[in-house]
Protein chains: 2
Amino acid sequence: MTAASIAKDLRAAIRSGTYTPGDRLPSEAALMATYGVARMTARHGLSMLKDEGLTVTRHGSGVFVRAFEPIIRDTTGAPADDSTVTAEIDETGAGLTVRTLAVTAEADAPEKVRTALGLAEGDKVTVRERLHLRERKPVLFATSYLPASIAAGTPIAERDVGQGGTHARLADAGHAPVRFREDVVARMPSIEEIEELRIEPGTPVLAVTRTAFAADGTPVELSHVVLDAGEFMLRYDID
Amino acid sequence: MTAASIAKDLRAAIRSGTYTPGDRLPSEAALMATYGVARMTARHGLSMLKDEGLTVTRHGSGVFVRAFEPIIRDTTGAPADDSTVTAEIDETGAGLTVRTLAVTAEADAPEKVRTALGLAEGDKVTVRERLHLRERKPVLFATSYLPASIAAGTPIAERDVGQGGTHARLADAGHAPVRFREDVVARMPSIEEIEELRIEPGTPVLAVTRTAFAADGTPVELSHVVLDAGEFMLRYDID
């Protein structure tokens, strides 16, 4: 009996519903007894399932079938800024909290950001970095870039952007975002993202590039959002 | 020098642009000489980068920095059926082809499908299974379910659904889809998906559940779409 065969058996048992999300799988000792294998073989079989994202390990209590209870990030007509998250708390009861990590009133813009915002070389951007937490676990990291010509000197460049979030302040300044583009990819997390979002093994991230446009078509905000894919479902309603 | 340190050096070199997408990384032999390590250590260092999705191996020619040249799946107002893919060929030049794998005029519906389509127990569904290929590589697998009460006996239940695809036929039958919901998650592929889509190591899939609604709000089609995340970017325009 190889580790791969043990993994195959357990995988089939999870799919058929013998073990359902939240159930504990047999321990290494139980697998050793059942299959007559060495501990390393049993352990390797279990670790294969973990690398596929099918299980999670809780230290001291064992290996469990992973439950996917996603936060629904619903972008229908709503801005994806702090105010949306408040709405998500109400809707999902997931208890998301937002931690503003850093706000820079005037920063140099990376070339890709300048291009997306239609800025010239040397133009500055206001940068907001936020972390969203579900209970105490970080689940989403967002960096927003706005033309400093619009945002600097307004509450957008302050830590507390005020009621309604960045988009309400853009509206106050006559640049209300009315159209959004989201480009979504999935990939494995970088080492830094694994640490920052405390991502489980076998779990990708969703990386969303969001551009907000004012009524005249001017891009007013570019956001890079990285979401722990073990925690989120993105919902789009399209007319 | 450990495998992890070698991986860290190479990762940093990829990020800084010393090696750009498509470049060949140093061979095992070159790493052995540079770092004074055994072949297994060099090999393990390279395999760590592969598991992170940063590199691809081309047998006989070495390890290369992975290039991400995604097909843009643009859902703006367009149905995600065969006709869209034709549009994507024109737009992206990616040369997608569609292979209809199976069409079942009347099948039992899984409970989740019945619920999503508002069907009663015992109601049948028409099922269409399609594989999309980029050049010769499978990149997307889609299963669509439609109420057999609408689709059976129409070209939707035939292999060749005709010009305009499923949605044109739904319109012909007075059930034109006018609103769509897409729920997007990312996860590691199953063993079967890895084989079917020939997915590279360290690559997740995007799994999209798409529901199409007619003007009266009736769901007329449910599609499960699995996309190789190494090949796609999903684009949503939101008003």
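Just so we're clear, the structure is a prediction, and the values are computed from it rather than from any experiment.

**Digging into the overall build of chain A**
Then, in step 1: Within chain A one finds eight helices and 10 strands.
Then, in step 2: For chain A, the C-alpha atoms occupy an extent of roughly 70 × 35 × 35 Å along the three principal directions.
Then, in step 3: When the 239 residues of chain A are sorted by exposure, 49% land in the buried category.
Then, in step 4: A separation threshold of at least 6 residues defines the contact pool for chain A, and within that pool the share at least 24 residues apart is 61%.
Then, in step 5: When the accessible surface of chain A is totalled, it reaches about 11100 Å², and 51% of it is carbon and sulfur.
Then, in step 6: If you average the places of the 27 positive and of the 35 negative side-chain charges in chain A, the two averages end up 7 Å apart.

**What to know about the relation of the copies chain B and chain A**
Then, in step 1: Mapping chain B onto chain A is achieved by rotating through 180° and translating by 0.0 Å along the same axis, at an RMSD of 0.0 Å. In the structure described here, the two chain copies are related by an operation that fits a two-fold rotation axis.
Then, in step 2: Most of the interface of chain B is mirrored in chain A, where 100% of its interface residues again form contacts.

**Some thoughts on the interface of chain B and chain A**
Then, in step 1: Listed per partner, the contact involves 34 residues of chain B and 34 residues of chain A.
Then, in step 2: Both sides of the chain B and chain A interface together cover about 3000 Å² of buried area, and 53% of this is carbon and sulfur.
Then, in step 3: Three residues stand out in chain B for area buried against chain A, namely Met188, Tyr236 and Ile238 of chain B, and they jointly supply 21% of the buried area on that side.
Then, in step 4: At the boundary of chain B and chain A, one finds eight salt bridges.
Then, in step 5: Asp183 of chain A is the salt-bridge partner of Arg235 of chain B, the closest N and O atoms lying 2.7 Å from each other.
Then, in step 6: Only helix 1 (3-16), strand 7 (177-187), helix 8 (191-196), strand 8 (205-214) and strand 10 (232-238) of chain B provide two or more residues apiece to the side of chain B that touches chain A.
Then, in step 7: Among the elements that make up the side of chain B that touches chain A, the one with the highest residue count is strand 7 of chain B (10 residues).

**Quick word on the UniProt feature "domain: HTH gntR-type" (unreviewed entry) in chain A**
Then, in step 1: Taken from the UniProt record, the annotation "domain: HTH gntR-type" (unreviewed entry) applies to residues 1-68 of chain A.
Then, in step 2: Within residues 1-68 of chain A, the helical portion is 51% and the strand portion 12%, while the C-alpha atoms at the span's ends are 30 Å from each other.

**Some remarks on the domain arrangement of chain A**
Where interface size is given, it is often the accessible area lost as the parts come together that is meant.
Then, in step 1: For chain A, the assigned domains read domain 1 (2-65) and domain 2 (71-235).
Then, in step 2: The C-alpha-based centres of domain 1 of chain A and domain 2 of chain A are spaced at 38 Å.

**Some thoughts on the nonpolar core**
Then, in step 1: Judged by nonpolar contacts, the single largest core of 52 residues is most densely connected at Leu206 of chain A together with Leu206 of chain B.
Then, in step 2: Not counting chain neighbours up to four residues away, the residues in contact with Leu206 of chain B comprise Ala186 and Leu206 of chain A together with Val184, Val185, Ala186, Val225, Val226, Leu227, Ala229, Phe232 and Leu234 of chain B.

**Some remarks on the sheet that holds strand 3 (residues 71-74) of chain A**
The pairing of strands in a sheet comes from backbone hydrogen bonds and takes either a parallel or an antiparallel form.
Then, in step 1: Taken in spatial order, the eight strands of this open sheet run 3(A)-10(A)-7(B)-8(B)-9(B)-6(B)-5(B)-4(B), and their pairing is mixed. Sheet topology places strand 3 of chain A together with strand 4 (96-108) of chain B at the edges, where each strand pairs with a single neighbour. Direction aside, the axes of adjacent strands within the sheet are offset by 20° on average.

**Section: the sheet that holds strand 8 (residues 205-214) of chain A**
Then, in step 1: The mixed open sheet is built from eight strands, whose spatial order is 4(A)-5(A)-6(A)-9(A)-8(A)-7(A)-10(B)-3(B). Either end of the sheet is taken by a strand with one partner, and the two such strands are strand 4 (96-108) of chain A together with strand 3 (71-74) of chain B. Looking at each pair of strands side by side, their axes are set apart by 20° on average, direction ignored.
Then, in step 2: Note that strand 5 (residues 124-134) of chain A and strand 6 (residues 137-147) of chain A share 10 bridges and pair antiparallel. Paired with Thr126 of chain A across the bridge in strand 6 of chain A is Leu146 of chain A.

**What to know about helix 1 of chain B**
Two residues of an α-helix separated by three or four positions point the same way, owing to the 3.6 residues in each turn.
Then, in step 1: For helix 1 of chain B, spanning 14 residues, the distance from its first C-alpha to its last is 20 Å, which sits close to the expected 20 Å at 1.5 Å a residue.
Then, in step 2: Among the residues of helix 1 of chain B, those classed as buried are Ala3, Ile6, Ala7, Leu10, Arg11, Ala13 and Ile14 of chain B. With its buried residues spanning 160° around the axis, helix 1 of chain B presents them on a single face. Opposite its buried face, helix 1 of chain B presents the exposed residues Lys8 and Ser16 of chain B, each directed more than 90 degrees away.
Then, in step 3: Of the surrounding secondary structure, the elements contacted by the buried residues of helix 1 of chain B are helix 8 (191-196) of chain A together with helix 2 (28-35), helix 3 (39-51), strand 1 (55-58) and strand 2 (62-65) of chain B.
Then, in step 4: The first or second residue beyond helix 1 of chain B is Gly17 of chain B, which carries a positive phi of 95°.

**Thoughts on the pairing of strand 1 (residues 55-58) of chain A**
Residues and elements named next belong to chain A.
Then, in step 1: Strand direction decides the pairing type here: strand 1 and strand 2 (residues 62-65), joined by four bridges, are antiparallel. Paired with Arg58 across the strands is Gly62, a residue of strand 2.
Then, in step 2: From the end of strand 1 to the start of strand 2, which pair antiparallel, there are three residues, and Gly60 there has a positive phi angle of about 90°.

**Regarding the environment of Leu170 of chain A**
All names here are of chain A.
Then, in step 1: Following the sequence through the fold, Leu170 ends up in helix 7 (residues 165-172).
Then, in step 2: On the basis of relative accessible area, Leu170 is assigned to the buried category, the value being 0%.
Then, in step 3: Note: C-alpha distance between Leu170 and Ile156 (14 residues apart in sequence) is 8.1 Å.
Then, in step 4: Not counting residues up to four positions away in its chain, the partners in contact with Leu170 are Leu146, Ile150, Ile156, His175, Ala176, Pro177 and Val220.

**Topic: the environment of Val56 of chain B**
Residues and elements named next belong to chain B.
Then, in step 1: Looking at where Val56 falls in the secondary structure, it is placed in strand 1.
Then, in step 2: Sequence separation of Val56 and Ala171 is 115 residues, and the distance between their C-alpha atoms is 44 Å.
Then, in step 3: Aside from chain neighbours lying at most four places away, what touches Val56 is Gly62, Val63, Phe64, Arg66 and Glu200.

**Re the pairing of strand 5 (residues 124-134) of chain B**
Consecutive side chains of a regular strand alternate in pointing toward one face of the sheet and then the other.
Residues and elements named next belong to chain B.
Then, in step 1: Judged by how many residues are buried, strand 5 sits mostly within the fold: nine of 11 residues are covered.
Then, in step 2: When strand 4 meets strand 5, the two strands line up antiparallel, connected through 10 bridges. Within the sheet, the bridge partner assigned to Val98 lies in strand 5 and is His132.

So, how was this worked out
- Residues numbered from 1 in each chain as written.
- Chains lettered and ligands numbered in written order.
- Predicted model: local features only at pLDDT ≥ 70, side-chain atom pairs only at ≥ 80, totals over all residues.
- Heavy atoms only, no water.
- Helix = DSSP H or I, 4+ residues; strand = E, 2+ residues; numbered from the N terminus.
- Buried < 20%, exposed > 50% of the residue type's maximum accessible area, 1.4 Å probe, protein only.
- Contact = heavy atoms within 4.5 Å.
- Areas by Shrake-Rupley, 256 points an atom, 1.4 Å probe, with all protein chains shown as cover.
- Lys, Arg positive; Asp, Glu negative; His and termini not counted.
- Charge placed at Lys NZ, Arg CZ, Asp CG, Glu CD.
- Least-squares fit on C-alpha atoms with pLDDT ≥ 70 in both.
- Buried area = accessible area lost by both parts, 1.4 Å probe.
- Salt bridge = Lys/Arg side-chain N within 4 Å of Asp/Glu carboxyl O.
- UniProt positions renumbered as here; feature names shortened; annotations may be inferred.
- Domains from an automatic or database assignment.
- Core = buried A, V, L, I, M, F, W, Y, C linked by side-chain atoms within 4.5 Å.
- Pairing = 2+ DSSP bridges.
- Axes fitted to C-alpha atoms, helices over the stretch in contact; angles between N-to-C directions.
- Expected span 1.5 Å × (residues − 1).
- Arc of directions from axis to C-beta.

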